[in-house]
Amino acid sequence: MSMRESSGAGTRKGPIRADTVVDAALALVNVGGLESLTMRRLADALGAQPPALYRLFRDKGALVDAMADAVLAAALGPLPEADWEARVEVLAGRLRAAMLGQRDGARIVGGSYTTRQPTHMLADSFLAAMTEAGFTGKTAVWATTTVFSYVLGEALEQQGRTEVDIDEMQATLSAEDYPHLARSPMAAMLDFDDRFAFGLRMLMAGLREGSTHP
């Protein structure tokens, strides 16, 4: 049964809640991707009229910001009683899992500068760890955004990948024209879990080097 059929499109009674709209929007994206999300389609799925949505969200951009907060909320939770490095690694892993858990989650989160609790709590947790590492002021902010941008970029690429025949691609690489590519194990590009772990280790090594604490 479709969302429209189950909601009784056009027959909804009573006020609609913002969190209900966000949940429905994320569900639509899970089915058809972010491009499929329109305020009209969302209103139909909820059995409401578009003006009811615009009373809650001034435009689609405001709705996507709220969706980003909902995605980020999945990354929240108690942190281990551990040093700053372990906490950053846990936060990075949770952030990645939260974005990958929602279709187009990285696209929803990317570029959103929201002022709601999930975003603030996640940023505060990262900044607490970076401050413990010895970063202060703008360097603590930059250390945080560096980790965030790495996780976001990896999630964007993983979610945006298309099916590719690695053997066929490798066969097209001329050893004369592309000597390094031709000798490289191209399948490693699609080993997203291991490459994320590798990149995070390199990033953490850089943060250790740049911090003022051993």
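Described below are features of the structure shown in this document. (Residues numbered from 1 in each chain as written. Predicted model: local features only at pLDDT ≥ 70, side-chain atom pairs only at ≥ 80, totals over all residues. Heavy atoms only, no water.)

**With respect to the overall build of the protein**
Within the protein one finds twelve helices and zero strands. In sequence order, the secondary structure elements of the protein are arranged as α-α-α-α-α-α-α-α-α-α-α-α. C-alpha extents for the protein along the principal axes are approximately 60 × 50 × 25 Å. Counting the 214 residues in the protein, one finds 38% classified as buried. (Helix = DSSP H or I, 4+ residues; strand = E, 2+ residues; numbered from the N terminus. Buried < 20%, exposed > 50% of the residue type's maximum accessible area, 1.4 Å probe, protein only.)

**Focus on the packing of helix α6 (residues 84-100) against helix α12 (residues 192-210)**
Between α6 and α12, the shortest axis-to-axis distance is 11 Å and the interhelical angle comes to 145°. As for the relative orientation of α6 and α12, their crossing is right-handed in sense. Taking contact as the criterion, the partners of W84, E85, V88, E89, A92 and R96 in α6 are, on α12, F192, D193, F196, L200, M204, L207 and R208. (Axes fitted to C-alpha atoms, helices over the stretch in contact; angles between N-to-C directions. Left-handed = near helix turned anticlockwise from the far one by under 90°. Contact = heavy atoms within 4.5 Å.)

**Description of the side chain of S211**
For S211, the position within the fold is in the segment after α12. A polar contact of 3.0 Å, which involves the side chain of S211, links it to the backbone oxygen of R208. Once you skip the residues sitting within four places of it in the chain, S211 turns out to touch W84, A133 and F135. (Polar contact = N/O pair within 3.5 Å; in protein donor to acceptor, adjacent residues only side chain to side chain.)

**A short note on the nonpolar core**
Grouped together as the largest cluster of nonpolar side chains are 56 residues, with contacts concentrated most on L37, L42, L63, M67, M99, I108 and V147. Among the elements that take part in this core, helix α5 (residues 60-73) stands out by supplying eight residues, more than any other. Ignoring anything within four residues of it in the chain, the contact list for M67 reads V22, A25, L26, V29, L37 and I108. (Core = buried A, V, L, I, M, F, W, Y, C linked by side-chain atoms within 4.5 Å.)

**Examining the packing of aromatic side chains**
Evaluation of the coordinates by the stated rule reveals one aromatic pair. Ring centres of Y150 and F196 lie 5.4 Å apart, and the angle between their planes is 15°; on these two criteria the pair is classed as stacked. With Y150 in helix α9 (residues 137-160) and F196 in helix α12, this pair connects stretches of sequence that are 46 residues apart. For the pair Y150 and F196, one class covers both residues: buried. Over the ring of F196 we find R96; its NZ or CZ atom is 4.7 Å from the centre of that ring. (Phe/Tyr/Trp six-rings, centres within 6.5 Å; stacked < 30°, edge-to-face > 60°. Lys NZ or Arg CZ within 6 Å of the ring centre and 35° of its normal.)

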